[in-house]
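One-letter residues, chain by chain:
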Amino acid sequence: MIADNDRNGSTNGRRRASKASQKKVPKYSAFSLLKHGVGSTEWPRAWRNHEMRPSYDVVIVGGGVHGLATAYYLAANHGIRNVAVLDKGYLGGGGSGRNTAILRSNYLTPEGVRFYDRSLELYRHLAADLNFNVMFSRRGHLTLAHNDSSLRTMRWRAEVNKHVGVDSEVIDPSQVKELVPHLDTSESTRYPILGALYHPPGGIIRHDAVVWGYARAADAHGVHLHQKTEVTGIDVAGRSDSGARIDTAGRSDSGARIDTAGRVVGVQTNRGRIAAPIVVNCTAGWSSTISDMAGVRTPIQTFPLQAAVTEPVRPFLHAVVVSGTLHVYVSQTDRGELVFGASVDPFTSYSMRGSLEFVEGLAGHVLELMPALSKVRLLRQWAGLCDMTPDYSPIMGETPVEGFYVDVGWGTYGFKAGPVSGEAMAEAIATGRTPEIIEAFGLDRFSKGELVGEKGAAAVGH
Ligand SMILES: Cc1cc2nc3c(=O)[nH]c(=O)nc-3n(C[C@H](O)[C@H](O)[C@H](O)COP(=O)(O)OP(=O)(O)OC[C@H]3O[C@@H](n4cnc5c(N)ncnc54)[C@H](O)[C@@H]3O)c2cc1C
């Protein structure tokens, strides 16, 4: 928790400096577009480069949607502006700039549905809140069922969704065909479509715009964004057994009990040390390396996840279509490109290279769903890293090391959770209390055996 007199800096002088560092941001509007067009004036940079301070109230590691949203809501909702976001590369260079930008809230557990639904709610107003066109397109989301057990899970999800007030229903193959006429719904396919979970609020968004919008708005509130700044160590003071990692039951790797896990006092970076009483790990695919630096053990493994995009074609696909059985999903962007994805590669790795094997398998499965696409050419493919937890739910909040927070375990589904995570993490840091909406996602659920199983709703349909 940050005490009131520490907000915006811990002395009056720093508070004034911090207020002064808030930027008057020119509004993006039709009028300013006209003004810049007519006057041929340069648009100001979206965010500034600052000198690195020797200390901050909060240091956030990772400049993806989670780190930037946390910084933005700390400043905007709680007035905590003496905040730095550090990224070893560039903002959005991790999963936030590599994902396929599917938004939905039709999860399996009530905790998951409520959480992702709050994110969709924030996404709906994000363009206005950030004054940045994030191109949210609500177009409906279909998860196909090709066998009885999938159909059963769809029914289960639909009931949980409705119970929590989220619009989802199971529809039959003729209704699926009406929504997506190009799908092969005949009974002669290898895996005939038996029905689908239809979720009208689902859709897609422009992922870069979300990252840039949060970065610009955080900068305007006085947050410092430091790119090319790699965290190489985390300083923890007062640890009774330094060097060992600690799990949520307070035990080290060897099983010995550690009485005092210590508290965070700063981070080491390739540009020098920064003192900070609060450090937040928002590094997704790299998150276990950062948690390790603080001596905190998390049950996370990192897997590559690949995706691909075709040349643009005339708009014909108005919903997002996911098939868990065929391990594939398809959507069409506003520019007409078809975006394809699948489940994670079947091995742990930090490699972000695409493979021929992936596109071959992907193309075969896409054609089973939509044979009419056989002449469409793939333009490019890429990969990102996913930090997978055993129950396919995130890990959020405090850790045994005081002041060291995690917002990790985002796997293949974390982009949609950026706004709600930022909002909840900011509240947790500012108040010292865990907001109810993330209570179920604490690190201690693994030692308590209280998993939030979302595999049935998150393995392929990100
Ligand atoms: C191909 C693909 C498709 C996906 N599709 C979807 C989807 O459709 N919908 C959805 O909701 N999710 C999807 N995801 C998942 C989603 O992209 C991630 O869960 C989400 O972007 C995680 O955001 P983040 O801000 O936590 O992390 P990231 O955006 O990964 O940012 C982490 C940052 O930490 C930085 N970093 C790492 N180590 C250090 C260090 N030592 N020091 C400083 N900085 C460091 C990295 O440079 C990186 O920029 C997809 C992922 C991939 C790869």
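Residues numbered from 1 in each chain as written. Predicted model: local features only at pLDDT ≥ 70, side-chain atom pairs only at ≥ 80, totals over all residues. Heavy atoms only, no water.

**Regarding the site of the ligand**
As a matter of local geometry, the ligand sits amid 37 residues, with Asp87, Gly95, Ser96, Val231 and Lys416 nearest to it. Within the backbone of Lys88, one N or O atom sits 3.0 Å away from a nitrogen atom of the ligand. Here Phe415 contributes a backbone N or O atom positioned 3.0 Å from an oxygen atom of the ligand. Computed on the free molecule, the ligand has an accessible area of 1000 Å², of which 98% lies beneath the protein chains in the complex. Going through the elements one at a time, α3 (65-78) and β14 (301-310) are the ones with two or more residues in the shell around the ligand. Per-class residue counts for the shell around the ligand are 16 nonpolar, 16 polar and 5 charged. Viewed by domain, the shell around the ligand spans two of them, domain 1 (54-130 + 207-299 + 391-462) and domain 2 (131-206 + 302-388), each represented by three or more residues. (Near = heavy atom within 4 Å. Polar contact = N/O pair within 3.5 Å; in protein donor to acceptor, adjacent residues only side chain to side chain. Areas by Shrake-Rupley, 256 points an atom, 1.4 Å probe, with all protein chains shown as cover. Helix = DSSP H or I, 4+ residues; strand = E, 2+ residues; numbered from the N terminus. Nonpolar A, V, L, I, M, F, W, Y, C, P; charged D, E, K, R; others polar. Domains from an automatic or database assignment.)

**As for the packing of α3 against helix α11 (residues 418-431)**
Packing of α3 against α11 leaves a shortest axis separation of 7 Å and a crossing angle of 55°. Classified by the angle between their axes, α3 and α11 sit oblique to one another. Every pair of crossing elements has a handedness; the one defined by α3 and α11 is right-handed. Every residue of α11 that contacts α3 at Val65, His66, Ala69, Thr70, Tyr73, Leu74, Asn77 and His78 is listed here: Gly418, Pro419, Ser421, Gly422, Glu423, Met425, Ala426, Glu427, Ile429 and Ala430. Of the residues contributing to the contact of α3 with α11, the split by class is 9 nonpolar, 7 polar and 2 charged. (Axes fitted to C-alpha atoms, helices over the stretch in contact; angles between N-to-C directions. Parallel < 35°, antiparallel > 145°, perpendicular 65-115°, else oblique. Left-handed = near helix turned anticlockwise from the far one by under 90°. Contact = heavy atoms within 4.5 Å.)

**Focus on the sheet that holds strand β12 (residues 272-275)**
Taking strand neighbours across the sheet as the criterion, the 3 strands line up as β10-β11-β12 in an open arrangement whose pairing is antiparallel. Edge positions in the open sheet fall to β10 (231-237) and β12, since each of these has one partner strand only. When strand polarity is set aside, the average angle formed by the axes of neighbouring strands in this sheet is 25°. For strand β11 (residues 263-269) and β12, the ladder comprises 4 bridges, and the chain directions are antiparallel. (Pairing = 2+ DSSP bridges.)

**A closer look at the confidence of the model for the protein**
Residue-level pLDDT values for the protein average 93, and 94% of them are 70 or greater. Per-element confidence in the protein ranges from a low mean pLDDT of 43 for helix α1 (residues 12-20) to a high of 99 for strand β1 (residues 58-61). Predicted confidence for residues 5-17 stays below pLDDT 50, and this span has 24 contacts to residues more than four positions away or in other chains. (pLDDT = per-residue confidence, 0-100.)

**With respect to the domain arrangement of the protein**
What the domain assignment reports for the protein is domain 1 (54-130 + 207-299 + 391-462) and domain 2 (131-206 + 302-388). One C-alpha centre belongs to domain 1, the other to domain 2; they are set 27 Å apart. In this assembly, 50 residues from domain 1 lie in contact with 47 residues from domain 2. Summing the contributions of domain 1 and of domain 2, the shared interface buries around 3900 Å²; its carbon and sulfur component is 64%. Considering only the surface of domain 1 that becomes buried against domain 2, Arg98, Asn106 and Val460 emerge as the three largest contributors, covering 17% of it. (Buried area = accessible area lost by both parts, 1.4 Å probe.)

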